[in-house]
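# An overview of the molecular structure
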2 protein chains.
Amino acid sequence: MNIDFTYKNPTTIYFGKNALDKLKNELNNYGDTILLAYGKGAIKKSGLYDQVVSILRNSNKTIVELSGIMANPTYEKVMEGAKLVRGNNVDLILAVGGGSVIDCAKAISVSAYCEGDAWSRYWIKFEPVDNKIVPVASILTLAGTGSEMNGGSVITNNDVKLKMGRVFPSNVYPKFSILNPEYTFTLPAYQMVSGIFDMMSHLMEAYFSGEDDVTSDYLIEGLLRSIIHSAKIAVKEPQNYEARSNLMWSSTLAMNPIMGLSKTQDWEVHMIEHQLGAYTDCAHGMGLAAISLPYYRYIYQFGLDKFVRFATQVWGVDDTGKSKETVALEGIDAMEAFINECGIVSNIKDLGATEEMLPLIANSTVLLGGYKKLTATEVLEILKAA
Amino acid sequence: MNIDFTYKNPTTIYFGKNALDKLKNELNNYGDTILLAYGKGAIKKSGLYDQVVSILRNSNKTIVELSGIMANPTYEKVMEGAKLVRGNNVDLILAVGGGSVIDCAKAISVSAYCEGDAWSRYWIKFEPVDNKIVPVASILTLAGTGSEMNGGSVITNNDVKLKMGRVFPSNVYPKFSILNPEYTFTLPAYQMVSGIFDMMSHLMEAYFSGEDDVTSDYLIEGLLRSIIHSAKIAVKEPQNYEARSNLMWSSTLAMNPIMGLSKTQDWEVHMIEHQLGAYTDCAHGMGLAAISLPYYRYIYQFGLDKFVRFATQVWGVDDTGKSKETVALEGIDAMEAFINECGIVSNIKDLGATEEMLPLIANSTVLLGGYKKLTATEVLEILKAA
């Protein structure tokens, strides 16, 4: 833990089959007006919407609704929510859905009372938030982004074709999050496996950087092993509570600052995928998988020892009598086999990318890098291989 | 994650070489009177006492001192602190030291304004705390108990020869904790390795229980591997910052609720050691090591698959062509070799236990159990073997 850090995570997690029972008591801590934010109606089909509305009504809350939050939430949608918050003096934004809905809720929270253009201030210039923040809470229905217990908020601005992520400090984190793994049972397999690769990618972005020995890397290896183990079960048995509950908690941890403390990190896969997503609107996890394979097959040579460790500690590759290069590549091969076993899409053409888009994506990608800082030309090569 | 859970951990951690720089700013959040609680003077020798006093004075705080907090803090000492808190209207209890000092600070926090006998209410009857709680903060100088980021408070009552642990809810957790690994450099090797086994034991108590597949077990395996790796380095090079910083953060995590979420747990080693400690006043980690070896060599047969996993995943035992029994025992042998390599005491006679004490310890031990609930007779056999 060579790099100094500050860590604070005040979110209360209610986890399990009966977690929703805790909502009523939590609502006592907030005022009367609730913005109920959700997506395109899956929670109405599942019955969760009715349950939540019933609890809110029994607590004598006034409900204001923001529906239709999309997979890549737009700044336009954020502004729609911000107007509702101001116009109704909302006391709590209750996000019911996956990471997109929660990300959007946080964006509304910091934007509602922002003077000036929030997009420019908070997602482009990364200014500290000095205006009033509206408390956010969440009921999670999709495991993947960890937004339920962190400050992350990824927003797409269609006017400028830019998808930007911002990590807000702990006063913007959800005050409480309700995690019932059963809510994820009805998710289509496509979204489930996209979420699974999303959480793995979060861990790999933190892992593949640095030459030092740091406790966080050992935790990441453990968490990746748990995800891989449970993912294989969940793909065959989507209603296996043990596997789905492990995946749900793993996704919360995977994108939690606690897993990457004191580490230099990479995040180049996310940077490329964010621009791929801005152009194709593809599922985030699928985009990450498609980028990861060619990206890691290119950069492993610049962080060889770490890729050897990844192969042996995460994927159980037997290294007896093999060169480091062989072991490292066998680790990436093992990941590709896992991607295929789970039915995760790993070809960006299947995600809607066209030949013409690739230079546009490459040239608009933010260049970070863990073991190697890429050039736009290298990004283009990786996109072509993807 | 089959067992429902609630998780909340609001402690802010300032970690690293410059962590003390954050104290002044934090002090602004509290009133004028600080109870400075510490041990038997090590912080005066190291110079930390002078640094802290200087920051407190520069912040115009009134300092009330409670010194001489012992390795197994007594209820008598808690009452001494509680009187100081009431008499001086203390606004913040700042614990500077190891787990004993912080445990004592939390005990003072909940006892100062308790009506009736706090020992009986909070450590015997485990009543919820409904009286005023005085905020606690800590500056950690010894890695081991994790008290800097949890609600644990182990107190010894000499009148009744009982050492009892209580985990208080998150409003009793330290508000902030300052962790500078350099503060642990001057610790005698004896205390360092005692702390190392303490953190390992916390993880094993959580690990050795349950037959289900749960993410927390994978995290524990990762953390144990990091501790083992760094401990071997720190024993040879006590001033190796990388190793000591990994150990410091590992100890915070090891005794944090986050590592054992959704798990049934054991804690029998701690129960036996608490009574060993009440009779011998031995270093906690040494007592745990001495109990662990005969205890695990007895109970492994009741949780064989988990002990096989422990051997292969934590200690790297090669299981090719071996029976489960052999692999399990080789794992415990590997732990014993590690204990010896680190110079951890593993014989209770060397810790001051006499033949006559053993039945008294066995008969006063609380019986919990992960894979097997022991009888007092079995505890006595384990003590004899230790």
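Treat the numbers as computed from the prediction; the structure is a model and nothing was measured.

Right, let's talk about the overall build of chain A for a bit. Of regular secondary structure, chain A possesses 15 helices and 8 strands. The C-alpha atoms of chain A give a radius of gyration of 20 Å, which matches the 21 Å a tight globule of 386 residues would have. Each principal axis of the C-alpha atoms in chain A carries an extent, and together these give about 70 × 45 × 40 Å. Scored against the burial criterion, the 386 residues of chain A give a buried share of 54%. In chain A, the share of contacts with a sequence separation of at least 24, taken over all contacts with a separation of at least 6, comes to 78%.

Once that is clear, we can look at the nonpolar core. By size, the foremost hydrophobic cluster in this structure holds 257 residues, and its most contacted members are Ala37(A), Ile93(A), Ala37(B) and Ile93(B). Not counting residues within four places of it along the chain, the set of residues in contact with Ala37(A) comprises Leu66(A), Ile69(A), Gly81(A), Ile93(A), Leu94(A), Ala95(A), Val101(A), Cys104(A) and Ala105(A).

Contact residues are listed per partner, giving 35 residues for chain B and 35 residues for chain A. Going through the elements one at a time, strand E1 (5-15), helix H8 (215-236) and helix H9 (241-254) of chain B are the ones with two or more residues in the side of chain B that touches chain A. If one sorts the elements of the side of chain B that touches chain A by residue count, E1(B) sits on top with 10 residues. Here the side of chain B that touches chain A is composed, by residue class, of 14 nonpolar, 13 polar and 8 charged. One ladder, built from 7 bridges, connects strand E1 (residues 5-15) of chain A with E1(B); its direction is antiparallel. By the bridge assignment, Asn9(A) is partnered in E1(B) with Asn9(B).

The next point concerns the pairing of E1(B). Bridging between E1(B) and strand E8 (residues 176-179) of chain B involves 4 bridges; their strand directions are parallel. Looking at E8(B), one finds that Ile13(B) is bridged to Ser177(B).

Turning our attention to the relation of the copies chain B and chain A. Taken as rigid bodies, chain B and chain A are interconverted by a rotation of 180° and an axial shift of 0.0 Å, the fit giving an RMSD of 0.0 Å. On the angle and the small slide along the axis, the relation comes out as a two-fold axis. Of all interface residues in chain B, 100% are interface residues in chain A too; the two copies therefore contact each other through one and the same surface.

Let's shift gears to helix H13 (residues 324-342) of chain A. Residue and element names in this part refer to chain A. When the terminal C-alpha atoms of H13 are compared, their 27 Å separation across 19 residues agrees well with the 27 Å that a helix rising 1.5 Å per residue should span. Three or more residues of H13 are buried, namely Val 327, Ala 328, Leu 329, Gly 331, Ile 332, Met 335 and Ile 339. In this structure, the buried residues of H13 make contact with helix H11 (284-299) and helix H12 (304-314). Remark: Gly 343 follows H13 within two positions and exhibits a positive phi of approximately 75°.

Residues and elements named next belong to chain B. At a closest axis distance of 9 Å, the pairing of helix H7 (residues 189-207) and H9 adopts a crossing angle of 35°. Judged by the twist between their axes, the crossing of H7 over H9 is left-handed. Contacts from Gly 195, Ile 196, Met 199, His 202 and Leu 203 of H7 reach H9 at Leu 247, Ser 250, Ser 251 and Ala 254.

The next subject is the domain arrangement of chain A. Residues and elements named next belong to chain A. Taken domain by domain, chain A comprises domain 1 (12-183) and domain 2 (189-385). The gap between the C-alpha centroids of domain 1 and domain 2 is 27 Å. Domain 1 puts 19 residues into the contact, and the matching count from domain 2 is 24 residues. Of all the secondary structure elements, the ones that give two or more residues to the side of domain 1 that touches domain 2 are strand E6 (152-157) and strand E7 (162-167). It is E7 that provides the largest number of residues to the side of domain 1 that touches domain 2, a total of 3 residues. Of the residues that constitute the side of domain 1 that touches domain 2, the class distribution is 8 nonpolar, 8 polar and 3 charged.

What follows is about the sheet that holds E1(B). Judged by pairing direction, the sheet is mixed, and its 12 strands sit side by side in the order E3(A)-E2(A)-E4(A)-E5(A)-E8(A)-E1(A)-E1(B)-E8(B)-E5(B)-E4(B)-E2(B)-E3(B) without closing on themselves. At either end of the open sheet lies a strand with only one pairing partner, and these are strand E3 (62-66) of chain A together with strand E3 (62-66) of chain B. Ignoring strand direction, the axes of neighbouring strands in this sheet form an average angle of 25°.

Even without being a glycine, Ser262(A) presents a positive backbone phi close to 65°. With respect to the helices and strands, the residue Ser262(A) is situated in the loop between helix H9 (241-254) and helix H10 (268-280). Of note, the phi angle at Asn89(B) is positive, near 50°, even though the residue is not glycine. Residue position: Asn89(B) is located in the loop between helix H4 (75-88) and strand E4 (92-97). Residue classification places Asn89(B) among the exposed residues on the basis of 12 C-beta atoms within 10 Å.

A separate point is the packing of H4(B) against helix H5 (residues 99-111) of chain B. All names here are of chain B. Across the interface, H4 lies against H5 with an axial gap of 8 Å and an inter-helix angle of 55°. Between H4 and H5, the angle is such that the two are oblique. At the point where H4 passes H5, the crossing takes the right-handed sense. For the pair H4 and H5, contact is made by Lys 77, Val 78, Gly 81, Ala 82 and Val 85 and by Cys 104, Ala 107, Ile 108 and Ser 111, respectively. Across the contact of H4 with H5, the residue classes break down as 6 nonpolar, 2 polar and 1 charged.

All names here are of chain B. Locating Gly 97 in the fold gives a position in strand E4. Distance in space between the C-alpha atoms of Gly 97 and Asn 2 is 37 Å, their sequence separation being 95 residues. With residues up to four places along the chain from it excluded, the contact list for Gly 97 reads Tyr 38, Gly 39, Ile 43, Ile 69, Thr 141 and Leu 142.

On the secondary structure map, Lys161(B) appears in the loop between strand E6 (152-157) and strand E7 (162-167). Here the alpha-carbon distance between Lys161(B) and Ala231(B), two residues 70 residues apart in the chain, equals 33 Å.

What follows is about the confidence of the model for chain A. Of the residues in chain A, 100% reach a pLDDT of 70 or more, and the chain-wide mean stands at 94. In the predicted assembly, ipTM is 0.94 and pTM is 0.94.

Mapped onto the fold, Pro188(A) is located in the loop between strand E8 (176-179) and helix H7 (189-207). It is 36 Å that separates the C-alpha atoms of Pro188(A) and Lys372(A), two residues lying 184 residues apart in sequence.

Procedures and definitions
Residues numbered from 1 in each chain as written. Chains lettered and ligands numbered in written order. Predicted model: local features only at pLDDT ≥ 70, side-chain atom pairs only at ≥ 80, totals over all residues. Helix = DSSP H or I, 4+ residues; strand = E, 2+ residues; numbered from the N terminus. Rg over C-alpha atoms; globule rule 2.2 N^0.38 Å. Buried ≥ 20, exposed ≤ 12 C-beta atoms within 10 Å, placed from the backbone. Contact = placed C-beta atoms within 7 Å. Core = buried A, V, L, I, M, F, W, Y, C linked by C-beta atoms within 7 Å. Nonpolar A, V, L, I, M, F, W, Y, C, P; charged D, E, K, R; others polar. Pairing = 2+ DSSP bridges. Least-squares fit on C-alpha atoms with pLDDT ≥ 70 in both. Expected span 1.5 Å × (residues − 1). Axes fitted to C-alpha atoms, helices over the stretch in contact; angles between N-to-C directions. Left-handed = near helix turned anticlockwise from the far one by under 90°. Domains from an automatic or database assignment. Parallel < 35°, antiparallel > 145°, perpendicular 65-115°, else oblique. pLDDT = per-residue confidence, 0-100.

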